[in-house]
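Structure assessment
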Amino acid sequence: DSGVTQTPKHLITATGQRVTLRCSPRSGDLSVYWYQQSLDQGLQFLIQYYNGEERAKGNILERFSAQQFPDLHSELNLSSLELGDSALYFCASSVRDRGSTYEQYFGPGTRLTVT
Amino acid sequence: AQSVTQLDSHVSVSEGTPVLLRCNYSSSYSPSLFWYVQHPNKGLQLLLKYTSAATLVKGINGFEAEFKKSETSFHLTKPSAHMSDAAEYFCVVSDASYNQGGKLIFGQGTELSVKP
């Protein structure tokens, strides 16, 4: 158990809908990262927050957004869902934002299926 | 730009024989490198990390990796495979460039099968 929690575990929804994925980082970690794992794209970085502020952005679609709240939990919002958004979404946390020596601990993921 | 290339998409070994999973990296900086493992329908677990200390890094479950700068490689090895090692393994580099927050860049993964 990494100490990172994600809810829900599974989500099935229809095209055009909007969903929210939730992540709670390990106790004491200030940085939260979101990754998407799909069969065709592999594991890709989406976005990072550090202590409530956006720190880095990756291949995140404009239909997707995220935020980190004062209690450090984070939410990833996916809207106008398409079939291609079906994937496993991981959240990871680490102590710091920079300092690439700090390992990231991953949650169990949320499997999103868009029908 | 930083990247990693995993040279084998699938590796099959017999239980009790050595494991070698190959990874080459490309980095403009002194890299931080990691190996993560993903068991079926599970999250990602950190096996080991290299951060410019010792070039031979020991991880969990008997795995180790050697950083070779001259070959830009970071291969993962284990002397004796166990059935429970069957999983997908990812070689990962951390992006240390400015304003990238240490995001992780993943290789395509190597699926390890272990035959009894």
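Keep in mind it's a predicted model, so treat the numbers as computed, not measured.

1. Thoughts on the pairing of strand S6 (residues 44-50) of chain B
All names here are of chain B. Within S6, five of the seven residues are buried, which leaves it mostly tucked inside the rest of the structure. As defined by bridge partners, strand S5 (residues 33-38) adjoins S6 across six bridges and the pair is classed as antiparallel. Across the sheet, the residue bridging to Trp35 is Leu48, located in S6. Connecting S5 to the antiparallel partner S6 that follows it, the hairpin turn spans five residues, and Asn41 within it adopts a positive phi of roughly 60 degrees.

2. Here's the deal with the packing of aromatic side chains
Counting across every chain of the model gives 16 aromatic pairs over all chains. Aromatic pair Tyr35 of chain A and Phe45 of chain A: ring centres 5.7 Å apart, planes at 65 degrees, arrangement edge-to-face. Taken as a pair, Tyr35 of chain A in strand S4 (residues 31-38) and Phe45 of chain A in strand S5 (residues 42-50) lie far apart in primary sequence, ten residues in all. On the basis of relative accessible area, Phe45 of chain A is assigned to the buried category, the value being 5%. Taken together, a centroid distance of 5.5 Å and an interplanar angle of 25 degrees make the contact between Tyr25 of chain B and Phe67 of chain B stacked. Placement of Tyr25 of chain B in strand S4 (residues 23-26) and of Phe67 of chain B in strand S8 (residues 64-68) is noted, with a sequence separation of 42 residues between them. Summarising the burial analysis for this pair, Tyr25 of chain B and Phe67 of chain B share the class buried. Taken together, the aromatic side chains of Tyr33, Tyr35, Phe45, Phe90 and Phe106 of chain A together with Phe34, Tyr36, Phe90 and Phe106 of chain B make up a single cluster linked through ring pairs. Taking NZ or CZ as reference, Arg26 of chain A lies 3.8 Å from the ring centre of Tyr105 of chain A, over its face.

3. Some remarks on the nonpolar core
Judged by nonpolar contacts, the single largest core of 26 residues is most densely connected at Trp35, Leu48, Phe74, Leu76 and Tyr89 of chain B. The residues contacting Leu48 of chain B, other than those within four sequence positions of it, are Leu33, Phe34, Trp35, Val57, Lys58, Gly59, Phe63, Glu64, Ala65, Phe74 and Leu76 of chain B. Counting residues in hydrophobic clusters, the runner-up holds 21 residues, among them Leu46, Ile47, Leu76 and Cys91 of chain A.

4. Considerations on the pattern of salt bridges
In a structure, side chains of opposite charge can pair up when their charged atoms sit close to one another. All names here are of chain A. Enumeration according to the criterion identifies seven salt bridges over all chains in this entry. With a closest N to O distance of 3.7 Å, Glu82 and Arg63 form a salt bridge. Pair noted here: Glu82 is in the loop between strand S8 (74-78) and strand S9 (87-94) and Arg63 is in the loop between strand S6 (53-57) and strand S7 (64-68), with a separation of 19 residues, a long-range link. Arg63 is the partner of Asp85 in a salt bridge, and the nearest nitrogen-oxygen pair spans 2.8 Å. With Asp85 in the loop between S8 and S9 and Arg63 in the loop between S6 and S7, this residue pair connects regions lying 22 residues apart in the sequence. Residue Asp85 shares its accessibility class with Arg63, and that shared class is buried. Salt bridges sharing partners connect three or more residues here, namely Arg63, Glu82 and Asp85.

5. Some points on the interface of chain B and chain A
Across the boundary between the two partners, chain B contributes 22 residues, which contact 23 residues of chain A. Around 1,700 Å² of area is buried between chain B and chain A when both sides are counted, 54% of it from carbon and sulfur atoms. At the surface where chain B touches chain A, the tally comes to one salt bridge. Between Glu103 of chain A and Lys49 of chain B there is a salt bridge, with the nearest N and O atoms lying 2.5 Å from each other. The set of elements that each furnish at least two residues to the side of chain B that touches chain A consists of S5, S6, strand S10 (87-94) and strand S11 (104-106) of chain B. For the side of chain B that touches chain A, the class distribution of residues is eight nonpolar, eleven polar and three charged.

6. Points about the environment of Phe90 of chain B
Along the polypeptide, Phe90 of chain B turns up in strand S10. Sequence separation between Phe90 of chain B and Gln38 of chain B is 52 residues; the distance between their C-alpha atoms is 7.9 Å. The residues touching Phe90 of chain B, leaving out its near neighbours within four places in the chain, are Gln37 and Leu43 of chain A together with Gln6, Phe34, Trp35, Tyr36, Gln38, Leu44, Phe106, Gly107, Gln108 and Gly109 of chain B.

7. Brief notes about the sheet that holds S8 of chain A
Residue and element names in this part refer to chain A. With antiparallel pairing, four strands are arranged side by side in an open sheet as S1-S3-S8-S7. Every other strand in the sheet has two partners, leaving strand S1 (5-7) and S7 as the edge strands with one partner each. Sheet twist, expressed as the mean angle between neighbouring strand axes with direction ignored, is 15 degrees. Summarising the sheet, S7 and S8 pair through five bridges and their orientation is antiparallel. The partner of Gln67 across the bridge, within S8, is Glu75.

What counts and how
- Residues numbered from 1 in each chain as written.
- Chains lettered and ligands numbered in written order.
- Predicted model: local features only at pLDDT ≥ 70, side-chain atom pairs only at ≥ 80, totals over all residues.
- Heavy atoms only, no water.
- Buried < 20%, exposed > 50% of the residue type's maximum accessible area, 1.4 Å probe, protein only.
- Helix = DSSP H or I, 4+ residues; strand = E, 2+ residues; numbered from the N terminus.
- Pairing = 2+ DSSP bridges.
- Phe/Tyr/Trp six-rings, centres within 6.5 Å; stacked < 30°, edge-to-face > 60°.
- Lys NZ or Arg CZ within 6 Å of the ring centre and 35° of its normal.
- Core = buried A, V, L, I, M, F, W, Y, C linked by side-chain atoms within 4.5 Å.
- Contact = heavy atoms within 4.5 Å.
- Salt bridge = Lys/Arg side-chain N within 4 Å of Asp/Glu carboxyl O.
- Buried area = accessible area lost by both parts, 1.4 Å probe.
- Nonpolar A, V, L, I, M, F, W, Y, C, P; charged D, E, K, R; others polar.
- Axes fitted to C-alpha atoms, helices over the stretch in contact; angles between N-to-C directions.

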